[in-house]
Amino acid sequence: MTLIIAIGVATGCVYSLVAVGYSLIYRTTGVVNFAQGSYVMAGGFSTYWFYEIAGLPYPVAILCGVGVATMLGLALWTVVVLPLWRQRSPSYVVLLETIVFGAIVGTSALLLLGPLPQTLPPWLPGFALEFGGNRIDGQYVVVVVATVLLMLAFSAVLRFTSLGRSMRACAASRDVAQLLGISPERIGAIAFTATAALGGLGGAMITPAQFTSADIGLSFGVFGFVAAVLGGFGSLPGALVGGLLLGVINAFVGRYISSSYQTVLAFGLLLVLLTLRPQGLVGKDWEEA
Amino acid sequence: MSAAAELELNGVTKRYGGVIAVSGVSIALSADAVTGLIGPNGAGKSTLINLISGFRRPDSGGIMFGDRDLTRLDPSAIARLGISRTFQQAAPLVGLSVIENVMVGLHTRYHAGLGSILLRLPSMRQEARASEQIAGGLLEEFGLGDEADTEASGLPFGKLRFLELARATAMQPQMLLLDEPAAGLNRVETDQLAALIRKLRERGVTILLVDHDVPFVFGLCDRVVVMNFGSVIAAGKPDDVYGDPAVREAYLGGEEQGAAA
């Protein structure tokens with residue numbers, strides 16, 4: 001039981017990091033970026049490559065892995081989204097392109113690194129927690145603590161820095177932001193890059209606790225999106241709550257029913273909740289976080 | 001504040017579909033003056049402001065600000081060159097407090113990018129304190145001192161206008177484009193607004209003011225430009241423009257016809 005909760009919470013943390021990505025990008029650029037989950041795959045899988053195949057020291061490999069995910073985010077913005085954005089393409093075109101981009105990233109990983117799931121050593125070898133007679137793998141603790149710190153850092157940047165104010169200004173009105181000298185294109189680049197780094201780090205963190213493979217991008221993308229909507233699209237605390245809830249529910253369904261029912265239940269929950277509370281579980285605006 | 005540059009429009013034309021909104025407009029706004037832009041509805045006044053601030057691009061003609069060509073620049077680049085504007089519909093940044101709205105306006109001067117956030121946290125804190133002080137001062141000046149921490153979208157209408165002006169001023173603009181700043185204000189607020197605009201002029205800000213309130217414009221402006229059907233029909237000192245037959249025709253022509261019918 002404790003173990004299932006630990007697994008659920010840790011996976012949920014990664015959903016939350018993905019969900020923050022969806023929210024931040026949507027709020028600042030108006031784009032729903034379905035490639036968000038592929039950063040998790042890219043972060044985990046390329047860390048594996050840098051460590052196991054290229055033979056780099058583990059911390060360096062993690063940095064490089066997160067770097068790859070970050071570059072993917074910047075590339076998605078610069079090469080794919082920005083040109084469409086400049087032409088004021090309809091949002092469904094942009095949405096489709098992000099799905100295509102995510103599919104390309106997933107397929108490339110499959111071709112480059114093969115279909116086998118891979119894993120990584122824990123970040124803090126030998127570290128574990130005793131909790132209610134159960135031994136909880138230290139990596140779960142790492143994921144939870146790192147996620148909380150990242151979320152705090154993220155909301156502090158949004159709340160207290162001029163970059164954060166510029167992002168919130170963009171979210172409130174791109175026209176007004178522009179007349180105040182803020183370039184929405186620059187803010188978009190920062191949002192895509194920062195959230196890709198967040199997803200990539202999530203992938204590098206969760207891989208030692210579980211595994212990574214070329215096709216996990218899709219499920220993290222979908223569950224991250226569900227988490228974002230569940231918590232309240234655009235809300236930072238909402239992303240955290242939605243992610244954790246979804247992670248724990250998934251873990252229980254996977255353990256006691258069947259992992260093939262995870263998606264059914266997650267979507268069922270989403271449908272019910274959105275009927276009852278269309279704005280999601282938590283608040284409405286991440287600027288009020 | 002550096003010496004204000006002159007704004008020059010040369011044969012600026014803008015069409016929407018088959019309609020010519022602005023037709024071959026050539027005007028120069030002299031530095032350190034308040035220029036009023038008036039004209040009946042649909043004369044092209046707001047379009048002209050949108051063209052200068054980069055929210056629309058002219059189909060032909062050029063716009064120069066000092067020695068800089070604005071014609072192909074995007075709005076944020078134009079804003080960074082020192083041309084600031086307000087909107088006809090007051091546009092507070094929803095979700096930001098009143099003081100934060102003004103601090104975003106300080107953005108062009110107090111600018112911490114992602115790199116600097118990671119590299120120089122201490123100087124950033126200093127910057128944050130300095131920008132909060134400046135923003136606070138501006139709020140006092142614009143009569144919003146008590147509302148600093150209020151959510152901006154919760155302000156009453158009149159205060160929103162002043163917030164918008166404070167935010168534009170925070171950018172330390174050389175030129176300020178005001179799109180109907182007095183619309184919806186009561187007499188007292190309009191007088192306060194006029195006093196603030198005069199104060200900005202004394203500081204050397206070039207101001208272009210669009211408004212329907214003719215006495216307000218003529219009382220405040222050093223120079224008046226009158227547009228009708230997308231073209232400039234008169235320009236000069238308020239007294240001269242006031243007596244211009246073409247202007248009287250544009251404003252009163254419709255009424256006379258109505259009276260005759």
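Here is what the cut-offs are and how they apply
- Residues numbered from 1 in each chain as written.
- Chains lettered and ligands numbered in written order.
- Predicted model: local features only at pLDDT ≥ 70, side-chain atom pairs only at ≥ 80, totals over all residues.
- Heavy atoms only, no water.
- Helix = DSSP H or I, 4+ residues; strand = E, 2+ residues; numbered from the N terminus.
- Rg over C-alpha atoms; globule rule 2.2 N^0.38 Å.
- Buried < 20%, exposed > 50% of the residue type's maximum accessible area, 1.4 Å probe, protein only.
- Contact = heavy atoms within 4.5 Å.
- Phe/Tyr/Trp six-rings, centres within 6.5 Å; stacked < 30°, edge-to-face > 60°.
- Lys NZ or Arg CZ within 6 Å of the ring centre and 35° of its normal.
- Domains from an automatic or database assignment.
- Axes fitted to C-alpha atoms, helices over the stretch in contact; angles between N-to-C directions.
- Parallel < 35°, antiparallel > 145°, perpendicular 65-115°, else oblique.
- Left-handed = near helix turned anticlockwise from the far one by under 90°.
- Nonpolar A, V, L, I, M, F, W, Y, C, P; charged D, E, K, R; others polar.
- pLDDT = per-residue confidence, 0-100.
- Pairing = 2+ DSSP bridges.
- 1 Å grid on protein atoms, 1.4 Å probe; cavity = no way out; pocket = protein on both sides within 12 Å on 5 of 7 lines; lining within 4 Å.
- Points joined across faces, edges and corners; volume = space filled by probe spheres on them.
- Core = buried A, V, L, I, M, F, W, Y, C linked by side-chain atoms within 4.5 Å.
- Expected span 1.5 Å × (residues − 1).
- Lys, Arg positive; Asp, Glu negative; His and termini not counted.
- Salt bridge = Lys/Arg side-chain N within 4 Å of Asp/Glu carboxyl O.

### Quick look at the overall build of chain A
Now for step 1: Secondary structure summary: chain A contains eleven helices and two strands in total.
Now for step 2: Going residue by residue from the N terminus, the α and β elements of chain A occur as α-α-α-α-β-β-α-α-α-α-α-α-α.
Now for step 3: Compactness check: chain A gives a C-alpha radius of gyration of 18 Å against a globular reference of 19 Å for 289 residues, within 12% of the reference.
Now for step 4: Considered along the principal axes of its C-alpha atoms, chain A spans approximately 60 × 45 × 35 Å.
Now for step 5: Split into buried and exposed, the 289 residues of chain A put 55% on the buried side.
Now for step 6: Residue pairs in contact within chain A that sit at least 24 positions apart in sequence constitute 77% of those at least 6 positions apart.

### As for the packing of aromatic side chains
Now for step 1: This structure, assessed with the given rule, holds 15 aromatic pairs over all chains.
Now for step 2: Between the aromatic rings of A:Tyr22 and A:Phe225, the centroid separation amounts to 5.1 Å while the plane-to-plane angle is 55°, which identifies the pairing as tilted. Highlighted residues: A:Tyr22 in helix H1 (residues 2-29) and A:Phe225 in helix H9 (residues 216-231), separated in sequence by 203 residues.
Now for step 3: According to the relative accessible area criterion, A:Phe225 is partly exposed, its value standing at 24%.
Now for step 4: Where A:Trp77 meets A:Phe192, the ring centres are 5.1 Å apart and the plane angle is 40°; that geometry is what we call tilted. Note that A:Trp77 is positioned in helix H3 (residues 58-86) and A:Phe192 in helix H8 (residues 184-206), a separation of 115 residues in sequence.
Now for step 5: Looking at A:Phe192, the relative accessible area reads 0%, which means it is buried.
Now for step 6: Aromatic rings pair up to connect A:Tyr22, A:Tyr26, A:Phe34, A:Phe225 and A:Phe233 into one cluster.
Now for step 7: Across the ring face of A:Tyr256, the terminal group of A:Arg255 is positioned such that the distance to the ring centre comes to 5.3 Å.
Now for step 8: The ring of B:Phe55 has B:Arg85 lying over it, and the distance from NZ or CZ to the ring centre is 5.2 Å.

### What to know about the domain arrangement of chain B
Now for step 1: Split by domain assignment, chain B resolves into domain 1 (7-90 + 174-252) and domain 2 (93-154).
Now for step 2: Taken over C-alpha atoms, the centre of domain 1 of chain B sits 29 Å from the centre of domain 2 of chain B.

### Quick word on the packing of helix H2 (residues 38-53) of chain A against H3(A)
Residue and element names in this part refer to chain A.
Now for step 1: Close contact between H2 and H3 brings their axes to 7 Å; oriented N to C, the two are set at 140°. Compared by their axis directions, H2 and H3 come out oblique. Like other packed secondary-structure pairs, H2 and H3 cross with a definite hand, here right-handed. Each of Tyr-39, Ala-42, Gly-43, Ser-46, Thr-47, Phe-50 and Tyr-51 in H2 lies in contact with H3, whose residues at this interface are Tyr-58, Ala-61, Ile-62, Cys-64, Gly-65, Val-66, Val-68, Ala-69, Leu-72, Gly-73 and Leu-76.
Now for step 2: Among the residues forming the contact of H2 with H3, the class breakdown is 13 nonpolar, five polar and no charged.

### Topic: the confidence of the model for chain A
Residue and element names in this part refer to chain A.
Now for step 1: For chain A, the average pLDDT comes to 90, and 98% of its residues sit at 70 or higher.
Now for step 2: Of all helices and strands in chain A, the one with the weakest mean pLDDT is strand S1 (residues 128-131) (81), whereas H3 scores best (96).
Now for step 3: A low-confidence stretch, residues 285-289 stays under pLDDT 50, and its non-local contacts, those more than four residues away or across chains, total 22 contacts.

### Digging into the pairing of strand S7 (residues 175-179) of chain B
Residues and elements named next belong to chain B.
Now for step 1: Across the five residues that make up S7, a large majority, five, are buried.
Now for step 2: Burial along S7 is two-sided: the face carrying Met-175, Leu-177 and Asp-179 and the face carrying Leu-176 and Leu-178 are both buried.
Now for step 3: Bridge analysis of strand S6 (residues 83-85) against S7 gives three bridges, and the strand direction is parallel. Its bridge partner lying in S7, Arg-85 is registered against Leu-177.

### Description of empty space enclosed by the protein
Taking a probe equal in size to a water molecule and rolling it over the atoms shows the remaining empty space.
All names here are of chain B.
Now for step 1: Applying the stated criterion to the full structure yields three cavities of 30 Å³ or more.
Now for step 2: Within this model, the second largest cavity holds a volume of roughly 50 Å³.
Now for step 3: The wall of the second largest cavity is formed by Thr-86, Phe-87, Arg-161, Glu-164, Leu-165, Pro-181 and Leu-193.
Now for step 4: At three residues, helix H6 (residues 157-170) tops the list of elements feeding residues into the lining of the second largest cavity.
Now for step 5: A class-by-class count of the residues in the lining of the second largest cavity yields four nonpolar, one polar and two charged.

### Side note on the nonpolar core
Now for step 1: Of all hydrophobic cores here, the largest spans 88 residues; its most connected members are A:Leu76, A:Phe192 and A:Leu246.
Now for step 2: Residues from two domains meet in this core; each of domain 1 (7-90 + 174-252) and domain 2 (93-154) of chain B gives at least three.
Now for step 3: Not counting the four nearest positions on each side in its chain, A:Leu246 is found in contact with A:Tyr15, A:Phe223, A:Val226, A:Ala227, A:Leu230 and A:Ala266.
Now for step 4: Membership of the second largest hydrophobic core comes to 45 residues, among which are B:Val34, B:Ala90, B:Ile197 and B:Phe218.

### Digging into H2(A)
All names here are of chain A.
Now for step 1: The end-to-end C-alpha separation of H2 is 21 Å, in line with the 22 Å expected for 16 residues at 1.5 Å each.
Now for step 2: Burial within H2 is extensive, with twelve of its 16 residues counted as buried.
Now for step 3: Buried residues of H2: Ser-38, Tyr-39, Val-40, Met-41, Ala-42, Gly-43, Gly-44, Phe-45, Ser-46, Thr-47, Tyr-48 and Phe-50, and no others.
Now for step 4: On its buried face, H2 sits against H1, H3, helix H4 (91-113), H8 and H9.
Now for step 5: Following H2 by one or two positions, Gly-55 adopts a phi angle in the positive range, close to 75°.

### Structural notes on the side chain of B:Glu180
Residue and element names in this part refer to chain B.
Now for step 1: On the secondary structure map, Glu-180 appears in the loop between S7 and helix H7 (187-202).
Now for step 2: There is no salt bridge for the buried Glu-180, and the closest opposite charge comes from Lys-45, which lies 5.1 Å off by N-O distance.
Now for step 3: Apart from the residues within four sequence positions on either side, Glu-180 is in contact with Gln-88, Arg-161, Val-210, Asp-211 and His-212.

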